[in-house]
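Residues per chain are reported as follows:
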Amino acid sequence: MIDHTPTYSAFRTPLAMAGIDFHDHHLVGLTWPYINCKGKQYHVTMLDQGWVCDCPGFNFYNKCKHITQVHEKVIAE
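Residues numbered from 1 in each chain as written. Predicted model: local features only at pLDDT ≥ 70, side-chain atom pairs only at ≥ 80, totals over all residues. Heavy atoms only, no water.

Concerning the overall build of the protein
Then, in step 1: Within the protein, the secondary structure is distributed over 2 helices and 3 strands.
Then, in step 2: Going from N to C terminus, the protein has its helices and strands arranged as β-β-β-α-α.
Then, in step 3: Going through the 77 residues of the protein one by one, you find that 38% of them count as buried.
Then, in step 4: A fraction of 50% describes how many contacts in the protein between residues 6 or more apart in sequence connect residues 24 or more apart.
Then, in step 5: Accessible surface for the protein amounts to roughly 5400 Å². Of this, 56% is attributable to carbon and sulfur atoms. (Helix = DSSP H or I, 4+ residues; strand = E, 2+ residues; numbered from the N terminus. Buried < 20%, exposed > 50% of the residue type's maximum accessible area, 1.4 Å probe, protein only. Contact = heavy atoms within 4.5 Å. Areas by Shrake-Rupley, 256 points an atom, 1.4 Å probe, with all protein chains shown as cover.)

Shown next as structure tokens:
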């Protein structure tokens, strides 16, 4: 059986972005799959402190385009 639980670095601080009050948000705990142009799937998760992603960019720089794109979609709704 394959474990589809998203993983992310426990050493990175969740990225809080403007436009969302993450504390007690109704979407906290949800994970959005994100498939890039090469077919690689990453997972963006909303925590009560902000966003996390399991991509290498987030683990190295504490930000990534996957979070930005999911964040913009959530704000637009």
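Further notes follow.
Quick look at the packing of aromatic side chains
Then, in step 1: Taken as a whole and assessed by the stated rule, the structure comprises 3 aromatic pairs.
Then, in step 2: For the pair Trp 32 and Trp 51, a centre-to-centre distance of 5.4 Å together with 65 degrees between the ring planes defines the contact as edge-to-face. Here Trp 32 is found in strand β1 (residues 31–35), whereas its partner Trp 51 is found in strand β3 (residues 50–53), with 19 residues between them in sequence.
Then, in step 3: By relative accessible area, which is 0% here, Trp 51 ends up buried.
Then, in step 4: Taking 6.4 Å as the distance between ring centres and 55 degrees as the angle between the ring planes, the aromatic pair formed by Phe 60 and Tyr 61 counts as tilted. (Phe/Tyr/Trp six-rings, centres within 6.5 Å; stacked < 30°, edge-to-face > 60°.)

Focus on the nonpolar core
Then, in step 1: Grouped together as the largest cluster of nonpolar side chains are 17 residues, with contacts concentrated most on Met 46, Trp 51, Cys 53, Phe 58, Ile 67 and Val 74.
Then, in step 2: Looking at this core, the elements with two or more residues in it are β2 (41–47), β3 and α2 (65–76).
Then, in step 3: Sorting elements by how many residues they give to this core places β2 first, with 4 residues. (Core = buried A, V, L, I, M, F, W, Y, C linked by side-chain atoms within 4.5 Å.)

Remember that the coordinates give geometry; whether it matters functionally is a separate question.
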